[in-house]
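Here is what each chain is made of, one letter per residue.
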Amino acid sequence: MRSYSRTRWFIFAAALVVLALAGGVALARSLRPLQQQSLINRLPSLLQPLARALILPDYPDIIPTPIARATTDVSTLLTPLPTRTPTPTLTPTATPEPTSPPTDQPTPQLTLTPVVPPGPTQAARSTPAALDAANVFLTGFRHIYQTWNNCGPATISMNLSYYDWPNGQADAAQFLKPDPEDKNVSPHEMVAFAQSQGFNALARINGSPDLLKRFLQAGIPVIVEKGFEPDPADGWEGHYELLIGYSDAKQEFVAMDSYTGPNQSVKYTDLDWYWSHFNRTYISVYTAEQEETVMQLLGPDVDPDANAANALASAQAEASANPSNPFVWFNVGSSFAALGEYESAASAYDQARSLGLPWRMTWYQFGIFEAYYQTGRFEDVLALADATLAKTAYIEELWYYRGLVHQAQGELDAARQQFNQALRYNPNFKAAADALAALG
């Protein structure tokens, strides 16, 4: 009898533990991701992996494959476009939706006059004139470790600290991502923030290691957008990194990284591989005195259309050399999209998806949504957006594209709801605000 009673109490106690655990997991899953992460971080280290598995969403390995593939033969996507004559301008603009590899356009040989930004930390900086061209290291930065999900604001703040900007990532985040859960800050938003602080700035695609070095030789640090895999358990994600120097002898760049720390060594080959995942996007922030130098460094790529055309040629060359690489096909698609060639862009994106892209790809790059939307492939727009939003709702661009689809289908109330949702996650998202205003 006692044995039966003990067994009954043991079962009852075990049931209570299971119910409490289930209730705790359900409660934790109802929290915002920032709160979930904070809860996990407070647990003993041995319990954290189990808590992550129970609480965090079960993410897929890749983004969904296309619903209905375009019929275009992918080999035709590698045919060079007719040469476009760029329209030179000394007023730089941000390239919408950047993405692509090294340019085969010859780089002009320049004699640069370095301009070091003025300010109280001037004496602490290494000026390019005093450095060997094979070994550059700029100083005068304030390193900032990012807070939750805050690599964009932290990285742009480190960049601006070189020019004696006194504020930090929280100030930048108010402009860039008012909701701390917002998963992405796009390059054009980084440019707009730097310009709002009185600096000159631009974003371009199709950078090259040589171009990065020449910016650094001129005393201008550069932000790159790249793939990032700091923890195999978390998988691939996007990341910004501020380059402040390089060594040809070591074949390394030096980076101020908001995640891994200051003065990080990054092998040339490693940087180029992960940088290629974002079409070799780079952001330059500079002073008015450095404007002419930057224009010389960019050459034809000052013009966004010429930049996109050069990026397309580079991506096509890489796709020809390595047709099983999904990232290069994605870059082909993004370069076509930047040129307004949406049918070709959609076909290239289909090929990239068929080869398998990391599931976070649609957190950061939205040319794929634009291409499918412009070609009337609304089901693919919604399928891609829904697959991502099912796991994380905090990507305002996806709500925006959902709104565009509903608007195109005449569902205006649903469109308003989507645009409002985009603005809920980022009240500064102008495209959604404009779309909402246009609906009346």
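Residues numbered from 1 in each chain as written. Predicted model: local features only at pLDDT ≥ 70, side-chain atom pairs only at ≥ 80, totals over all residues. Heavy atoms only, no water.

This part takes up the overall build of the chain. Each helix and strand counted, the chain has 18 helices and seven strands in total. Per-residue burial over the chain gives 50% buried out of 440 residues. Put simply, 68% of the contacts in the chain that link residues at least 6 apart link residues at least 24 apart. Surface summary for the chain: the accessible area is close to 19,400 Å², and the carbon and sulfur share equals 57%. (Helix = DSSP H or I, 4+ residues; strand = E, 2+ residues; numbered from the N terminus. Buried < 20%, exposed > 50% of the residue type's maximum accessible area, 1.4 Å probe, protein only. Contact = heavy atoms within 4.5 Å. Areas by Shrake-Rupley, 256 points an atom, 1.4 Å probe, with all protein chains shown as cover.)

The residue serine 247 is located in strand β4 (residues 237–247) in this model. Separated by 3.1 Å, the side chain of serine 247 and the backbone nitrogen of lysine 250 make a polar contact. The residues contacting serine 247, other than those within four sequence positions of it, are Ala134, Asn135, Glu252 and Tyr268. (Polar contact = N/O pair within 3.5 Å; in protein donor to acceptor, adjacent residues only side chain to side chain.)

Between helix α16 (residues 396–408) and helix α17 (residues 412–425), the least distance of the axes is 8 Å, while the angle of their chain directions is 170 degrees. The pairing of α16 with α17 is recorded here as roughly antiparallel in orientation. As for the relative orientation of α16 and α17, their crossing is left-handed in sense. In this structure, α16 contributes Glu396, Trp399, Tyr400, Arg402, Gly403, Leu404, His406 and Gln407 to the contact, and α17 contributes Leu412, Ala414, Ala415, Gln418, Phe419, Gln421, Ala422 and Tyr425. Its residues assigned to classes, the contact of α16 with α17 shows nine nonpolar, five polar and two charged. (Axes fitted to C-alpha atoms, helices over the stretch in contact; angles between N-to-C directions. Parallel < 35°, antiparallel > 145°, perpendicular 65-115°, else oblique. Left-handed = near helix turned anticlockwise from the far one by under 90°. Nonpolar A, V, L, I, M, F, W, Y, C, P; charged D, E, K, R; others polar.)

Think of an α-helix as 3.6 residues a turn; residues three or four steps apart then line up on the same face. If you check helix α11 (residues 326–338), its first and last C-alpha atoms are 18 Å apart, about what 13 residues at 1.5 Å a residue would give, namely 18 Å. When you tally the buried positions in α11, you get twelve out of 13 residues, the bulk of the element. Listed as buried for α11 are Pro326, Phe327, Val328, Trp329, Phe330, Asn331, Val332, Gly333, Ser334, Ser335, Phe336 and Ala337. Where α11 begins, the side chain of asparagine 325 points an oxygen toward the backbone nitrogen of phenylalanine 327, at a separation of 2.8 Å. (Expected span 1.5 Å × (residues − 1).)

All right, on to the packing of aromatic side chains then. Tallied over the entire structure, the rule returns 25 aromatic pairs. Considering the side-chain rings of phenylalanine 278 and tyrosine 364, the 5.8 Å spacing of their centres and the 65 degrees angle between planes classify their relative orientation as edge-to-face. Taken together, the residues phenylalanine 278 in the loop between α8 (268–275) and β7 (282–286) and tyrosine 364 in helix α13 (residues 361–364) connect sequence positions 86 residues apart. As far as burial versus exposure is concerned, phenylalanine 278 and tyrosine 364 are alike and both buried. Among the aromatic residues, those joined into a cluster by ring pairs are Trp236, Trp273, Phe278, Phe327, Trp359, Trp363 and Tyr364. The cationic tip of arginine 360 hangs over the ring face of tryptophan 363; the distance from NZ or CZ to the ring centre is 5.1 Å. (Phe/Tyr/Trp six-rings, centres within 6.5 Å; stacked < 30°, edge-to-face > 60°. Lys NZ or Arg CZ within 6 Å of the ring centre and 35° of its normal.)

Bringing the environment of tyrosine 162 into the picture now. With respect to the element layout, tyrosine 162 can be found in the loop between α4 (151–161) and α5 (169–176). The exposure class of tyrosine 162 is buried, given its relative accessible area of 0%. Residues tyrosine 162 and threonine 139, 23 residues apart in the sequence, show an inter-C-alpha distance of 7.7 Å.

On to the pairing of strand β6 (residues 261–267). Note: strand β5 (residues 252–257) against β6, five bridges, orientation antiparallel. Residue alanine 255 lies in a different strand from β6, and its bridge partner there is glutamine 264. Between β5 and the antiparallel strand that follows it, β6, lie three residues. (Pairing = 2+ DSSP bridges.)

Inspection of the entire model under this criterion finds 13 salt bridges. Residues glutamate 241 and lysine 226 are paired through a salt bridge, measuring 3.0 Å at the closest nitrogen-oxygen approach. With glutamate 241 in strand β4 and lysine 226 in strand β3 (residues 222–228), this pair connects stretches of sequence that are 15 residues apart. For the residue pair glutamate 241 and lysine 226, the accessibility class agrees, reading buried in each case. (Salt bridge = Lys/Arg side-chain N within 4 Å of Asp/Glu carboxyl O.)

Listed as buried for helix α6 (residues 187–196) are Pro187, Glu189, Met190, Val191, Phe193 and Ala194. Downstream of α6 by a residue or two, glycine 198 has a phi angle that is positive, lying close to 95 degrees.

Another aspect to go through is the environment of glutamine 351. Relative to the elements of secondary structure, glutamine 351 occurs in helix α12 (residues 342–355). Along the primary structure glutamine 351 and serine 324 are separated by 27 residues, whereas in three dimensions their C-alpha atoms are 9.4 Å apart.

Turning our eyes to something else, we now look at the confidence of the model for the chain. Averaged over every residue, the pLDDT of the chain is 82; residues scoring 70 or more account for 72%. Below pLDDT 50 for its whole length, residues 24–31 participates in eight contacts with residues either more than four positions away or in separate chains. Low pLDDT, under 50, characterises residues 86–131; the stretch is placed with 125 contacts to residues that sit more than four places away or in other chains. (pLDDT = per-residue confidence, 0-100.)

A few words on the pairing of β4. Most of β4 is tucked away: ten of the eleven residues are buried. Here strand β1 (residues 135–137) runs beside β4; their pairing, made up of three bridges, is antiparallel. Across the sheet, phenylalanine 137 pairs through a bridge with glycine 245, a residue of β4. With seven bridges connecting them, β3 and β4 associate as antiparallel partners. Across the sheet, valine 222 pairs through a bridge with leucine 243, a residue of β4. Two strands pair when backbone bridges link them, and β4 and β5 are joined in this way by five bridges, in the antiparallel orientation. Its bridge partner being in β5, leucine 243 is matched across the sheet by alanine 255. The antiparallel pairing of β4 with β5 creates a hairpin that spans four residues between the two strands, and glutamine 251 there sits at a positive phi of about 55 degrees.

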